[in-house]
Every structure is written in structure tokens, then in C-alpha cells.
Amino acid sequence: MKYVITWWERPAGSAADYEAAQKRLLAIFQRWEMPASLQFHQFLVRVGEMGGCAVLETDQPADIHRVTTAFAAFKFRVDQVLDVGEAVAAEAAAIAWREGLAG
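Residues numbered from 1 in each chain as written. Predicted model: local features only at pLDDT ≥ 70, side-chain atom pairs only at ≥ 80, totals over all residues. Heavy atoms only, no water.

### As for the overall build of the protein
To keep it simple, the criterion reads: The numbering of helices and of strands both runs from the N terminus, where a helix is a DSSP run of H or I of at least 4 residues and a strand a run of E of at least 2. Note that the radius of gyration is over C-alpha atoms, with the globule rule given as 2.2 Å times the number of residues to the power 0.38. Classification of residues uses two cut-offs on accessible area relative to the type maximum, computed with a 1.4 Å probe and protein chains only: under 20% is buried, over 50% is exposed, and between them is partly exposed. Should any heavy atoms of two residues lie within 4.5 Å, those residues are counted as being in contact.
The helix and strand tally for the protein stands at three helices and four strands. Reading the helices (α) and strands (β) of the protein from amino to carboxyl end gives β-α-β-β-α-β-α. A compact globule built from 103 residues should have a C-alpha radius of gyration of about 13 Å, whereas the protein, at 19 Å, is more than 25% larger. Considering only C-alpha atoms, the protein reaches an extent of 65 × 30 × 20 Å along its principal axes. Taking all 103 residues of the protein together, 19% fall into the buried category. Of all intrachain contacts in the protein linking residues separated by at least 6 positions in sequence, the fraction that spans at least 24 positions is 71%.

Given below as C-alpha cells:
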């Protein structure tokens, strides 16, 4: 399955709290070993902030949960997605079925 994951820094108290959180996140990331089940297509950071998004595939959603737990200083949104061609085919089949129903 494909997923789009977006993340943002969790609100912190002071500037010193933000700086400490950023330092800790970088330290964790430098030592992190990404689960082999996660195939990244895009792994991006938003310019000017500690946040970003990724497009990835996996058949092990628990590994996504593992990543979001390891980087607890971020808030995450995880959306399961389909390629446009797959979505259009599914929608066309559903519409054809619906239109075939007797009124």
C-alpha cells in the first residue's frame, strides 16, 4: 500500500525548548535505521521549518507506526493513497454497478 506522511514539530514552550527538540531529533535521525519494508518514493522537508512529507510504500503498516513513535517530537498525519489510475478504475466500476441497479 502507498502512504503520504506529513509531519510538523509539536508545539513546545520556549525557544530553548524548540532548539533542544531540534537537536534531539537530529541526533535520533542520524542513528536511525529505517525499516527495510519502507520504500520511499519522495522524502521531503518544507523549507524554513522542521517538518515535511514523504510518499512511501509498505505492506507493513506497523513499521510506519514504529517510525512515528521513534520521532515523538513530531505530529504526524498518515494517509493511505492510490495511484490515480487505480482510483479511476475503482470509481468507474462502482458507478457502473450503481447505474445498473433497478430504481
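Moving on from the coordinates now.
### Structural notes on the confidence of the model for the protein
Heads up, the condition is: As a per-residue measure, pLDDT tells how confident the predictor is, with possible values from 0 to 100.
Summing up the model confidence of the protein, the mean pLDDT is 93 and the portion of residues at 70 or higher is 99%. Within the protein, the lowest mean pLDDT, 89, falls on helix α1 (residues 15-31), and the highest, 97, falls on strand β3 (residues 52-57).

### Brief notes about the pattern of salt bridges
Convention followed: Take a side-chain nitrogen of Lys or Arg and a carboxyl oxygen of Asp or Glu: if they are within 4 Å of each other, that pair is a salt bridge.
Counted under the stated rule, the structure contains three salt bridges. For Lys 2, the salt bridge goes to Asp 83, with nearest N and O atoms at 2.7 Å. Here Asp 83 lies in the loop between β4 (74-81) and α3 (84-99) and Lys 2 lies in strand β1 (residues 2-9), a separation of 81 residues in the sequence. With a shortest N-O distance of 2.8 Å, Asp 79 and Arg 77 are connected by a salt bridge. Its relative accessible area of 47% is what places Arg 77 among the partly exposed residues.

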